[in-house]
Amino acid sequence: MIEVGRFVMANGFTLQRQRLVQDPHGILLTMVVPQLLALQRSVAEAARESSLALPGKRTGSWVFRSEYLLDDGLDLREAIERIGVPGLRALVEVDQQGTQLHIHDSPLCAQYGHSGCSFFGGFLEGLLGLPSRRAACRSSRCVAAATVPTRACWNCRIEWLGVTAKGAEQTLLANRPTALLYSSGRGCLNYSKPRLSIVRTHSRGTSAVPRHLVALMLLAFPLFVQRAHAQAAVIPQPNRIEAGHGSFALNRNVRIVAPADRRAQEIAAFLRDGIREDSGIALRIGAATRQPHIELRIDPTVQGEEAYRLTVAPQRVEIVATDDRGLFWGVQTLRQLLPTGHGRTLSIPAVRIDDAPRYPWRGVMLDAARHFIPVALVKQQIDLLSRYKLNVLHWHLTDDQGWRIAIRKYPKLTSVGAWRTEAGGSRSGGFYTRQDIRDVVEYARQRNVMIVPEIEMPGHASAAVAAYPSLSCPKQPIAVPTTWGVFTDIYCAGDEATFAFLHDVLDEVAELFPAPYIHIGGDEVPKQQWAQSASSQQRMRDEHLANVDGLQSWFVQRIQRDLEARGKTLVGWDEILEGGADRNAVVEMWRGDAEAAKALANGNRLIVAGPFYLDTPIEDLTTQDIYRTNPFASPAFAGHQDQVLGAEAPLWSEYVTPRNLEAMLYPRVLALAERLWNPDVHDYADFQRRLRAQYPWLDAQHIAYGPEDRDLVDYKLEFNAPHHRWRVRAARGFDDIELHYTVDGSEPTAQSPTFGDVLDRYTPATLKIAPFRHGVPYLASRSFRTVDNKALGKPVTYLTAPDPHYAGTATQLVDGVIGSDVEYNDGLWAGWRGNDLTATIDLEHPTPIHAIQMRFLQQSGSWALFPRQVAFAVSDDGKTWRTLQSTPIAVEPMDLRVMIRTVRFDATAPVTARYLRVTAQNYGLLPPGHEGAGKPAFLFTDEILVR
């Protein structure tokens, strides 16, 4: 694989083991050719100053020969198709063997001008020193080989025409993938495969290039590379970008000039600090000067909300905007134009950018309630949102599993509600003090990011009820839940004390968050307690409400009036439409276009979130999926564009911790940023090139981003009966992920043993695996518990097969692997929807049985319930059965906790039999009052354990 740092050198093709084979010719065709004219102008200007002549008119064809594509089963014809550059096929001709690619002068000149293709030839010829070797050429053909280095060659010296380019490594190699196509490192010969042969077919009219002009071209080459970087690397893609002539030299003599008002000076200081951090160059803020400078200016003639115009010229950089928001976005674009790396002087290619966003709400939601997110990590995400012009951080601060914001009047919300005791006895949680909130809000304000807090109500209130049980209708003490799902403990709508509490909470929230919006959730409200509550039923009668949906609507609208009295607008998930919603509320759509249509028809403004749930596994919602998603494509949006605020990507944290938070966010958030800023661009290949240009900066900031289209790690555990072997297969999203493991149930560290793609175990163990990258843990560890079982690998037959989504392997229930205690879809639980479980195991010979054990999982919010009854029976011939035990189970379908129920038979004396049959009776249809009422329940079990 040809790769330089984080740059992959062209469009790639996925082969075995996720290996990318890159086509360096794609770099030439997609990056070099479009920049030829601009590069020639730069060289021409320098040539005039030096009284040198440029190459004369030339004709003929350039031929590129690939020696490695055929080895991997690909040829140049396929490469051309996959590059996907408009008009490319008209420029090239591939030979019958697919090994040579001809670029013809005529179409090249038609598209880029004759001087462009002429200089292209002269530039390559001069840079490779071809004229000096003509004496050795045969058949009027001159050949030079350029080794394409791999990452291992970064420390090699670069030589052209026998002259060492001293110090060129930093200038031309670091993050300059195009330059590598023309570099040849003598110390890199051990890394010389693949090689790129460039063949010049000569014809009449070809002139030699003076050797001293080669040095001039070499000096101009960084300008070309940086100009390509300027045009290709900005995310989101600006509305309009036009390359200029020359470049701006950024060094310590440059001043930043800005208006005298506080915000403009703040933005100037942000730019100064950013340049120093990114490049090491320390600039000063001062008055206008004739010397090269960067000027920030407000100009009302710039059209558009948040709009800006950025102009880079040799003598100055100018950022002009209609307001300070646009001024700041212009600064962020300028920072992306900076070449990566430190130096005394950096060249910023001349360019003009005119830019403005399409949608005013461009956001990401962070869920700090399920897993607490430290302040430093929240601030780091604000930095990244701001860099890519996302302007809203939706901060989910309260939920069933945790209350994360300190409220002075109700200290138990954080002393009790912010903490939970996990299954193993450990305590987890945390909360933000008032000062933490102020610091984060101010940090975000400085970076053009508005923070919208979410305080969940009337549902998802278990943490608050655990702190103050009187807030619920039953008024019974509960613990802060340690599992996920939807819980029945909600605020009591019939009690005035509930609204006094919420009024006080919102008083303090509104004081801390200056944004004009407060999100109140309003989603997933199980209303059984209201139906059984005398005060709530009286409220319905007093307010003439037909049902509990109407009571929810009344609840939401009362809170809305409370917020409006403070000058705040209520935002809620689309369930606030149930029972009717006030048109002044902002609706966040997550359940589909039908809900969006209801909100738009009602006159509500809308935020779309449903297509962008970032807790979705990466391989199921890839970076490209997000880039190609138009969340406003439904006909429901036609004629309602003025009601569309924009969209955001929620990251729910049931399975996201500080370890993998950034891997789940990035790079997918960058695709979202472009989709919301400039939805008219649709060239994913171009976006991907610009995306990969971001990786060096992200690496420098120690951002633990994830893969573009694969999960960080996918594990698969299988039991091999003939060899009595458990094998873990791991598919890694990055090749350099290291998998550390332990076999005693302890947490893996960077010093724990590692394995690659396969780990074999022959004895039972509690196996824990954690992925590390660059020595940093990237994901919470994954546990696999394997046990001895007399039924290991024995044949199993089912009267009714498991649901196809939860079937697992043929020996799923006798593989010696115990499922997770909290999650039915970990691949280790088998499930039956609406059907009973009847499984027969052939132990293959009479076997003494001392005990039989099975576990069942209930997660009612996901429609999974315990069985009503479980029975064990044995047989000697598979025909005549004797029952060992039948156990009835009292199932509580409205209990939304995640629970495990173990059913066990212990023999007073060993029972000898060849066949074992287990039967578990499915609960049946979900009862009235349940969210899935009338639908069949699931039954889940993980192992039939025979002792």
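All residue numbers here refer to positions counted from 1 along the written sequence of the relevant chain. Where totals are concerned, whole chains, interfaces and linings use all residues; where local detail is concerned, this predicted model gives features only for residues with pLDDT of at least 70, and gives and counts side-chain atom pairs only at 80 or more. Note that water and hydrogens are dropped before the side-chain values are worked out from all heavy atoms of the structure.

### Remarks on the side chain of His930
Helix and strand definitions follow DSSP, with helices as H or I runs of at least four residues and strands as E runs of at least two, each counted in order from the N terminus. By the element assignment, His930 lies in the loop between strand S45 (898-921) and strand S46 (938-946). Residue His930 is classed as buried on the basis of its relative accessible area, which comes to 7%. Here, two residues are considered to be in contact whenever any of their heavy atoms come within 4.5 Å of each other. With near-sequence residues (within four places) excluded, His930 lies in contact with Ser860, Trp863, Pro893 and Met894. Note on exposure labels: buried denotes an accessible area under 20% of the residue type's maximum, exposed denotes more than 50%, and partly exposed covers the range between, all computed with a 1.4 Å probe on protein chains only.

### Considering the packing of helix H12 (residues 375-387) against helix H14 (residues 434-446)
Relative orientation of the contacting elements H12 and H14 amounts to 15 degrees, with a least axis distance of 10 Å. Of the possible angle classes, the one that applies to H12 and H14 is roughly parallel. Here H12 and H14 pass one another in a crossing that is right-handed. Contact residues: Val375, Val378, Lys379, Ile382 and Asp383 in H12; Asp436, Asp439, Val440, Tyr443 and Ala444 in H14. When residues are grouped by polarity, Ala, Val, Leu, Ile, Met, Phe, Trp, Tyr, Cys and Pro land in nonpolar, Asp, Glu, Lys and Arg in charged, and all others, Gly among them, in polar. By residue class, the composition of the contact of H12 with H14 is 6 nonpolar, no polar and 4 charged. Axis geometry follows a simple rule: fit a line to the C-alpha atoms, using only the stretch in contact for helices, then measure angles between N-to-C directions, giving values from 0 to 180 degrees. Should an angle lie under 35 degrees it is considered roughly parallel, over 145 roughly antiparallel, and from 65 to 115 roughly perpendicular; all remaining angles are considered oblique. Here a crossing is called left-handed whenever its near helix is offset anticlockwise from the far helix by less than a right angle, and right-handed whenever the offset is clockwise.

### Let's talk about helix H11 (residues 324-337)
For a helix, the expected span equals 1.5 Å multiplied by the number of residues minus one. For H11, built from 14 residues, the straight-helix expectation of 20 Å at 1.5 Å per residue is met to within 8% by its first-to-last C-alpha distance of 20 Å. A large share of H11 lies buried, amounting to 12 of its 14 residues.

### A few points about the pattern of salt bridges
When a carboxyl oxygen of Asp or Glu lies within 4 Å of a side-chain nitrogen of Lys or Arg, that pair is called a salt bridge. Within this structure, the stated rule accounts for 57 salt bridges. The shortest N-O distance in the salt bridge between Arg297 and Asp299 comes to 3.8 Å. Ionic pairing is found between Arg445 and Glu442, a salt bridge with its closest N-O pair at 2.7 Å. One end of the pair is Arg445 and the other is Glu442, both in helix H14 and 3 residues apart, which spans about a single turn. Three or more residues joined by partner-sharing salt bridges are found here, namely Lys527, Asp549, Asp574, Glu578, Arg591, Glu595 and Lys598.

### A closer look at the environment of Gln380
With respect to the element layout, Gln380 can be found in helix H12. Under the relative-accessibility criterion, Gln380 is labelled partly exposed at 24%. Between the C-alpha atoms of Gln380 and Gln701, which are 321 residues apart in sequence, the distance is 9.2 Å. Discounting chain neighbours no more than four positions away, the residues touching Gln380 are Glu662, Gln701, His702 and Ile703. Engagement of the side chain of Gln380 in a polar contact is seen with the side chain of Glu662, the distance being 2.4 Å. Counted as a polar contact is a pair of N or O atoms within 3.5 Å, where, for protein atoms, one must be capable of donating a hydrogen and the other of accepting one, and residues adjacent in sequence contribute only when both atoms are in side chains.

### Structural notes on the state of the cysteines
Throughout, a disulfide means two cysteine sulfur atoms within 2.5 Å of one another. Enumeration over the complete set of coordinates arrives at 1 disulfide. For Cys473, the disulfide goes to Cys492, at an S-S distance of 2.3 Å. Negative torsions about the S-S bond denote left-handed disulfides, and the value of about 95 degrees found for Cys473 with Cys492 makes this one right-handed. Here Cys473 is found in the loop between helix H15 (462-467) and helix H16 (496-512), whereas its partner Cys492 is found in the loop between H15 and H16, with 19 residues between them in sequence.

### Here we look at the confidence of the model for the protein chain
On average, residues of the protein chain score 80 in pLDDT, and 76% of them reach the 70 mark or higher. Low pLDDT, under 50, characterises residues 1-76; the stretch is placed with 238 contacts to residues that sit more than four places away or in other chains. Scored below 50 in pLDDT, residues 82-92 makes 27 contacts in the model with residues more than four places away or belonging to other chains. Along the chain, pLDDT gives the predictor's confidence residue by residue, from 0 to 100.

### Section: the pairing of strand S25 (residues 450-457)
Sheet faces and side chains relate simply in a regular strand, where the side chains alternate between the two faces. Where burial is concerned, most of S25 is hidden: 7 out of the 8 residues are buried. Should DSSP find at least two bridges between two strands, the strands are taken to pair. Examined bridge by bridge, strand S20 (residues 392-396) and S25 share 5 bridges and lie parallel to one another. Among the inter-strand pairings, Trp395 is bridged to a residue of S25, identified as Pro453. Two strands pair when backbone bridges link them, and S25 and strand S26 (residues 517-521) are joined in this way by 2 bridges, in the parallel orientation. In the sheet register, Glu454 faces S26, and the bridge partner there is His519.

### Things to note about helix H23 (residues 668-677)
Most of H23 sits out of view: 10 of its 10 residues are buried. Within H23 the residues assigned to the buried category are Arg668, Val669, Leu670, Ala671, Leu672, Ala673, Glu674, Arg675, Leu676 and Trp677.

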